[in-house]
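# Reading the structure
Next come the chains, spelled out residue by residue.
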Amino acid sequence: MLDSKKAYNHFVLLVKERPPGDFALTLIDSLLHVLKETQETTRQGLLHEMKDNTNYLTENLINVEGLTRKSSLALHTLGRFFHHYITSKLSGLSDTSLEVIRSKLVARVEDLREFVMSSRGKVLSSALEFIKDGITIFVHGNSPLVEFLLVEAAVKHNKKFSVIVSEARPDCEGYALTKSLLAVGIAARLVVDAAVAYALEEADIVLVGAETVVETGGIINGIGTYTCALCAKMLKKPFYVVCESFKFARMYPLTQKDLPEIVKDRKTLPLFRSRETDDVTNLPVLSPLCDYTPPDLVTLLFTDMGIFTPSAVSDELIQISNA
Amino acid sequence: INAEYMGTIKMSNLISHLEKFEVNFQNKDAPKGMHPDIICLGHKLRNNQITGTNARCFAILITLRKIIEEYRGSPETINKNISVLLDEVRAYLRTARKLGSGVESYLDNLKLSIFNSNRDIGLGLTKKLSDDIGDFIDQKIRKADDLIIKNGLELINDDDVILTFGRSYVVERLLRECKKKFHLIIVDNPPYYEGRQMALRLARQIPITYTCISGVAYFMRKVQKVFLGASSMLSNGALISRVGTAMISCIAHMYRKPVLVFCETYKFSEKTQLDSLSENELADPQALLEPGDKTTAINLRYDLTPRNYINMVITETGLIPPTSIPVMLRELTRIQGTN
């Protein structure tokens, strides 16, 4: 009996148990759970079960409580990557016993899990030399990876730098980031979104995370990132992106209209946070969740596989899909 | 020494390294024993009766296959004879018109496969080569075009305004097969006005605006996407296409409109080139002038569009950025090597 909801149910459970944050490991754990407990007796059956579970999980991520619509995009990409990983490993195995196949697959997935878990540390080592003493870093939004990077650099590596954080309305993620940076002694200042160009004059580099890195080498990230990138380009400030390599997706947007449906519209999420604007909720709005930053605005990408220029992303993607 | 004289020297310095257009081709004797089909093909290529990289590649390979199949020499020396025949045909066709990098690299491979063939293969060689050519046409041209069109159909949305330049076979087929409602702007260029053919063929089903290059800046604001064909694509991501393409891409880039190039992988070349003039083809300068006009005219066939003006390349293997062309070449050679 094929249960395609197994991974999804397990995922919901784990999300409740674990502290909020990045859900990449949780996704892999849920799929690993399915793999370990599979009752299938044929290769095709196993493949089918994994495929159904992965698809159901990635398509219903938006229904999971505690998960933002934005993170579901990154996880969708990870799900695809996982599926591709499994399929190519499975086709490479010539064993006949399903037990052996299953245990080899489990071992490979656990390798993948290790890889994902260690990706943060690797991104840190890629990016560290670009965080020099005395610089001012401009950050947009609150990517957990950017937070990790800055905190580690200041605490473990004793780097002395100051940070300007933009509010990132309407979710106002910037507040949380500023607080956590101040807590470890980094000189952080909050700035309104409208003052991005103003603040960039003082900044030396711009640092953002990414929900997805697309085939062109551009990124899809929280709304406002494109604006920062355009200002950075005009003011000749380097624009750096930090992300893990499992966020590379074979998408190819040309314009803002080509973004995936899931991030084009905030739908029912509140647009305004201020109490004064409560009576304007009936106005027609254009409320995208994410925007697309083209590759000519991105200077470098710091990933767990090394430092990439935007054009190298496609090379990597072609290699992954042909591997 | 006056300004006019200096002007002529300057102009000729620009193109003096390019092969001059030979006016009297008809009087050149074809080598003895050259197959009449090849001579006919040479004239057609010369007189622009067959234009477009795909059409020329197809015509050359079909004719070549025919003469290989008609080989009636001795089976013992067949390897050498066919190799020599290939060389003669290529040399003759080159005097008519340059073949194009895709065809040249395929014919080099063909020669290599003759060299690597069994000594005792005998008349089986003709079958082997004929099959090889047939496979190439089928896989790299026909099926590749089908896949490119399949990929390309997803890129057209309802109410789009699409701009295209000149006449590309793949782009024309794509636009014809698309069932969505869109508006087409066809940009054309003297002296050959290839866009007119495209306009005539598509006017029945698609609303078309036809203009020349001088009008492009006016229309570019309203355009959603620019669709271009290719003669070849180079390893540094540059596009070699009909002269005028570079200008269109430049204007599109200025207005931040996406430029999409539709190109089969056989057109990818290992070469790199930085500007339009270092390697080009000169066509008949008289085509640009009124009869009896003695002005010096330069009729270039191709130009080079740099990589940063191109947003996406659509090939049969998928959608890739122009920077990934050497990657694709590497992967294709790797796959070919394992076969």
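Residues numbered from 1 in each chain as written. Chains lettered and ligands numbered in written order. Predicted model: local features only at pLDDT ≥ 70, side-chain atom pairs only at ≥ 80, totals over all residues. Heavy atoms only, no water.

Take the overall build of chain B next. Regarding its fold elements, chain B presents 11 helices and 10 strands. Its C-alpha atoms give chain B a radius of gyration of 21 Å, within 12% of the compact-globule value 20 Å for 339 residues. If one aligns the C-alpha atoms of chain B with their principal axes, the spans along those axes are about 65 × 60 × 35 Å. Buried residues in chain B amount to 48% of all 339 residues. Residue pairs at least 24 apart in sequence account for 72% of intrachain contacts in chain B once pairs closer than 6 positions are excluded. Carbon and sulfur atoms form 54% of the exposed surface of chain B, whose accessible area is close to 17,200 Å². Between the mean site of the 45 positive side-chain charges and the mean site of the 38 negative ones, chain B shows a separation of 3 Å. (Helix = DSSP H or I, 4+ residues; strand = E, 2+ residues; numbered from the N terminus. Rg over C-alpha atoms; globule rule 2.2 N^0.38 Å. Buried < 20%, exposed > 50% of the residue type's maximum accessible area, 1.4 Å probe, protein only. Contact = heavy atoms within 4.5 Å. Areas by Shrake-Rupley, 256 points an atom, 1.4 Å probe, with all protein chains shown as cover. Lys, Arg positive; Asp, Glu negative; His and termini not counted. Charge placed at Lys NZ, Arg CZ, Asp CG, Glu CD.)

Right, let's get into helix H4 (residues 78-96) of chain B. Residues and elements named next belong to chain B. In this model, H4 (19 residues) spans 27 Å end to end at C-alpha, consistent with the 27 Å of a helix rising 1.5 Å per residue. Taken as a whole, H4 has its buried residues at Ile78, Asn79, Ile82, Ser83, Leu86, Val89, Arg90, Tyr92, Leu93 and Ala96. In the core, the buried residues of H4 are packed alongside helix H2 (36-46), helix H3 (53-69), helix H5 (101-115) and helix H6 (124-153). (Expected span 1.5 Å × (residues − 1).)

Residue and element names in this part refer to chain B. Spatially, S3-S2-S1-S4-S7-S9-S10 is the arrangement adopted by the seven strands of the open sheet, whose pairing is mixed. Looking at which strands have only one partner, the edges of the open sheet turn out to be strand S3 (208-212) and strand S10 (318-320). Mean inter-strand twist for the sheet, computed between neighbouring axes without regard to direction, equals 25 degrees. Across the face of the sheet, helix H7 (residues 169-177) comes into contact with strand S1 (160-165), strand S2 (182-188), strand S4 (225-229) and strand S7 (259-262) while running at roughly 130 degrees to S4. (Pairing = 2+ DSSP bridges. Axes fitted to C-alpha atoms, helices over the stretch in contact; angles between N-to-C directions.)

Residue and element names in this part refer to chain A. Tracing the backbone shows Thr54 in helix H3 (residues 43-59). Side-chain polar atoms of Thr54 contact the backbone oxygen of Met50, separated by 2.5 Å. Excluding residues that lie within four positions of it along the chain, Thr54 makes contacts with Leu31, Gly79, Phe82 and His83. (Polar contact = N/O pair within 3.5 Å; in protein donor to acceptor, adjacent residues only side chain to side chain.)

This part takes up the packing of aromatic side chains. Residue and element names in this part refer to chain A. On inspection of all chains with the given rule, the structure shows 10 aromatic pairs over all chains. On the numbers, 4.8 Å between centres and 45 degrees between planes, the contact of Phe130 with Phe302 is tilted. Here Phe130 is found in the loop between helix H5 (98-127) and strand S1 (136-140), whereas its partner Phe302 is found in strand S9 (residues 300-303), with 172 residues between them in sequence. For Phe130, a relative accessible area of 22% puts it in the partly exposed group. With centroids separated by 5.7 Å and ring planes inclined at 80 degrees, the aromatic side chains of Phe248 and Phe308 adopt a geometry described as edge-to-face. Of this pair, Phe248 sits in the loop between strand S7 (239-242) and helix H10 (261-264) while Phe308 sits in strand S10 (residues 306-308), and the two are 60 residues apart along the sequence. For Phe248, a relative accessible area of 6% gives the class buried. Connected via pairs of aromatic rings, a cluster forms that spans Phe130, Tyr240 and Phe302. (Phe/Tyr/Trp six-rings, centres within 6.5 Å; stacked < 30°, edge-to-face > 60°.)

At the interface, 13 residues of chain A touch 17 residues of chain B. Each partner contributes to the roughly 1,300 Å² buried at the junction of chain A and chain B, and carbon and sulfur atoms together form 56% of this total. Linking chain A to chain B there are two salt bridges. In this structure, Asp296 of chain A engages Arg256 of chain B in a salt bridge whose closest nitrogen and oxygen atoms are separated by 3.1 Å. At the junction of chain A with chain B, the criterion picks out five residue pairs in polar contact (both at pLDDT 80 or more). (Buried area = accessible area lost by both parts, 1.4 Å probe. Salt bridge = Lys/Arg side-chain N within 4 Å of Asp/Glu carboxyl O.)

Here we take up the packing of H2 of chain B against H4 of chain B. Residues and elements named next belong to chain B. Closest axis-to-axis distance for the H2/H4 pair is 8 Å, and the angle between their directions is 25 degrees. Regarding the angle of H2 to H4, the classification is roughly parallel. In terms of crossing hand, the pair formed by H2 and H4 is right-handed. Counted together, Ile38, Ile39, Leu41, Gly42, His43, Leu45 and Arg46 of H2 and Val89, Tyr92, Leu93, Thr95 and Ala96 of H4 form the full contact between these two elements. (Parallel < 35°, antiparallel > 145°, perpendicular 65-115°, else oblique. Left-handed = near helix turned anticlockwise from the far one by under 90°.)

The next subject is the pairing of S1 of chain A. All names here are of chain A. Where burial is concerned, most of S1 is hidden: five out of the five residues are buried. Of the two faces of S1, the one carrying Thr136, Phe138 and His140 and the one carrying Ile137 and Val139 are both buried. Bridge analysis of S1 against strand S2 (residues 162-166) gives five bridges, and the strand direction is parallel. Paired with Ile137 across the strands is Val163, a residue of S2. Pairing analysis gives three bridges linking S1 to strand S4 (residues 205-208), with the strands arranged parallel. Residue pairing in the sheet places Phe138 in a bridge with Val206 of S4.

Attention shifts here to the pairing of strand S6 (residues 219-222) of chain A. All names here are of chain A. The sheet contact formed by strand S5 (residues 212-213) and S6 spans two bridges and is antiparallel. Each residue of the ladder has a partner; that of Val213, found in S6, is Ile219. Remark: five residues form the turn of the hairpin made by S5 and S6, two consecutive strands paired antiparallel; Gly217 in that turn has positive phi of roughly 100 degrees. Pairing of S6 with strand S8 (residues 290-293) involves four bridges; the strand directions are antiparallel. Counted as the bridge partner of Ile219 is Thr293 from S8.

Moving on to the sheet that holds S7 of chain A. All names here are of chain A. Taking strand neighbours across the sheet as the criterion, the seven strands line up as S3-S2-S1-S4-S7-S9-S10 in an open arrangement whose pairing is mixed. The sheet is open, and its two borders are formed by strand S3 (187-191) and S10, each paired with just one other strand. Averaged over neighbouring strand pairs, the angle between their axes works out to 25 degrees when direction is ignored. Sheet strands touched by helix H9 (residues 225-234): S1, S4 and S7. Its angle to S7, the strand with the most contacts, is close to 145 degrees. The sheet strands contacting helix H11 (residues 310-322) are S9 and S10, and the helix crosses S10 at an angle near 115 degrees.

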